[in-house]
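# A structural walkthrough
The residues making up each chain are set out below.
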Amino acid sequence: MIKIAPSLLSADFAKLGEATSALSNWGADWVHFDVMDGNFVPNITFGPGMCKAIRPYTKLPIDVHLMVEHPSDWIKPFCDAGADWITFHVESSERHLHRALQQIHAAGCKGGVVLCPATPVESCLHLLSECDLVLLMSVNPGFGGQKFIPETLTKIRTLRSAILERGLATEIEIDGGINPETARSCIDAGATILVAGNAVFRADDPKAMIASLRG
Ligand code: DX5
Ligand code: ZN
């Protein structure tokens, strides 16, 4: 079953509570929560305080995507703020990726690593047994509304084979430029979770859009 995770980055920031509570009515599976520090990426969004503020507005899992330096400093604060899933970038300043994954589990969340478009899939292979999820970026992180990078499809296929070979149940999440057409290609290549910002929040009918992304 494919899961759709609308990204609050494309919602009206002045109405994040309403946007969060609308998601389950629209048929979404997860809430994607993009955390940017103005350092790892050239943009700033929200911190654990905002995660805590939206938590009462939904029963759906909150999927925190950390686009920050020193991500391990933020694992506990986000778990305490009600996050269910936490992912961080292998390109960040975190030296001990494996330990950071163990910290996510010790804090009571599920999680995994994120790879930017230019980062080879091989960089997560020795971490797979600690990853409940690998997030492959299909745009360069920092902004919504960018165009899907087609090379991502090759990376999805490589990762899908590696997961199958190892007999793991690791989810493959894709983030950036997802629309009904790119969603189809990602699902066919082996993705299981699709993040969608602009496609959902700018749609005339977000519920129909989520249904069509699911395929
Ligand atoms: C980008 C974020 C994405 C973004 C996707 O750095 O990680 O989650 O919200 O937005 P769309 O779906 O509009 O490309
Ligand atoms: Zn994201």
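Along each chain, residue indices are assigned from 1 in the same order as the chain's sequence is written. Chain letters and ligand numbers both follow the written order, the letters beginning at A and the numbers at 1. Predicted model: local features are reported for residues with pLDDT of at least 70 only, side-chain atom pairs are reported and counted for 80 or more only, and whole-chain, interface and lining totals are derived from all residues. Values reported for side chains reflect all heavy atoms of the structure, with hydrogen atoms and water molecules removed beforehand.

## Re the overall build of the protein chain
We apply this condition: Helix and strand definitions follow DSSP, with helices as H or I runs of at least four residues and strands as E runs of at least two, each counted in order from the N terminus. As defined in this context, the radius of gyration uses C-alpha atoms, and a globule is described by 2.2 Å times the residue total to the power 0.38. Exposure categories follow from relative accessible area, calculated using a 1.4 Å probe and restricted to protein chains: below 20% of the type maximum is buried, above 50% is exposed, and the middle band is partly exposed. By definition, residues are in contact when any of their heavy atoms lie within 4.5 Å. Under the convention used here, a 1.4 Å probe and the Shrake-Rupley method define accessible areas, while residue burial counts only the protein chains that appear.
Along the backbone of the protein chain there are eight helices and eight strands. For the protein chain, the C-alpha radius of gyration of 16 Å lies close to 17 Å, the compact-globule estimate for 215 residues. With 215 residues in all, the protein chain has 58% of them scored as buried. Restricting to contacts in the protein chain with at least 6 residues of sequence separation, those with at least 24 account for 64%. Summed over its atoms, the accessible surface of the protein chain is roughly 9300 Å², and 52% of this surface lies on carbon and sulfur atoms.

## Concerning helix H6 (residues 180-189)
Given 3.6 residues to a turn, an α-helix orients residues that are three or four positions apart in the same direction. Using the following cut-off: The arc in question is traced by the directions running from the helix axis to the C-beta atoms. Any N or O atom pair separated by 3.5 Å or less is treated as a polar contact, with the protein-specific requirement of one donor-capable and one acceptor-capable atom, and with residues adjacent in sequence counted only for side-chain atom pairs.
Buried within H6 we find Thr-182, Ala-183, Cys-186, Ile-187 and Ala-189. Looking straight down H6, one finds that the buried residues subtend no more than 160 degrees of arc, so they occupy a single side. Seen from the buried face of H6, the exposed residues on the opposite side, beyond 90 degrees, are Glu-181 and Asp-188. The N-cap of H6, judged by a side-chain oxygen 2.9 Å from the amide nitrogen of Glu-181 a few residues on, is Asn-179. Residue Gly-190 follows H6 closely and has a positive phi angle near 120 degrees.

## Some thoughts on helix H1 (residues 16-25)
Among the residues of H1, those classed as buried are Leu-16, Gly-17, Ala-19, Thr-20, Ala-22 and Leu-23. At the C-terminal side of H1, Gly-27 shows a positive phi close to 90 degrees.

## Topic: the packing of aromatic side chains
What counts, and what does not: Put simply, two rings from Phe, Tyr or Trp (the six-membered ring, in Trp's case) pair if the centres are within 6.5 Å, and we call them stacked under 30 degrees between planes, edge-to-face over 60, tilted for the rest.
Applying the stated criterion across every chain yields a total of five aromatic pairs. Measuring from centroid to centroid gives 5.1 Å for Phe-13 and Phe-46, while their planes differ by 50 degrees, and the two rings are tilted. Remark: Phe-46 occurs in the loop between strand S2 (31-36) and helix H2 (48-54) and Phe-13 occurs in the loop between strand S1 (3-6) and H1; sequence separation between them is 33 residues. What makes Phe-13 partly exposed here is its relative accessible area of 40%. A centroid spacing of 4.7 Å and a plane angle of 35 degrees characterise the contact between Phe-33 and Phe-46, whose relative ring orientation is tilted. With Phe-33 in strand S2 and Phe-46 in the loop between S2 and H2, this residue pair connects regions lying 13 residues apart in the sequence. In this structure, Phe-33 and Phe-46 share a single accessibility class: buried.

## Focus on the sheet that holds S2
Selection rule: Strand pairing requires that DSSP identify at least two bridges connecting the strands. Axis definition: a line fitted to C-alpha atoms, over the contacting stretch in the case of helices. Angles run 0 to 180 degrees between N-to-C directions.
With respect to topology, eight strands assemble into an open sheet ordered S1-S8-S7-S6-S5-S4-S3-S2, the strand pairing being parallel. With one partner strand each, in any of the chains shown, S1 and S2 form the two edges of the open sheet. On average, adjacent strands in this sheet sit at an angle of 25 degrees to one another, irrespective of strand direction. As defined by bridge partners, strand S3 (residues 62-67) adjoins strand S4 (residues 85-89) across four bridges and the pair is classed as parallel. Residue pairing for S4: Asp-63 is matched across the bridge by Trp-85. Contacting S4 and strand S5 (110-115), helix H4 (residues 97-106) crosses the sheet at an angle of about 150 degrees to S5.

## Things to note about the site of ligand 1
Definition in use: What makes a residue near a molecule or strand is one non-hydrogen atom of that residue sitting within 4 Å of it.
In the vicinity of ligand 1, 20 residues are found, and the nearest of them are Asp-34, Gly-142, Gly-145, Asp-175 and Gly-197. One nitrogen or oxygen atom from the side chain of Asp-34 is found 2.8 Å from an oxygen atom belonging to ligand 1. In the environment of ligand 1, an oxygen atom lies 3.0 Å from a nitrogen or oxygen atom belonging to the backbone of Asn-198. For ligand 1, whose accessible area on its own is 380 Å², the fraction buried by protein is 99%. Examining the composition of the shell around ligand 1, we find that three residues originate from one element, S2, more than from any other.

Geometric values such as these leave the question of function open.
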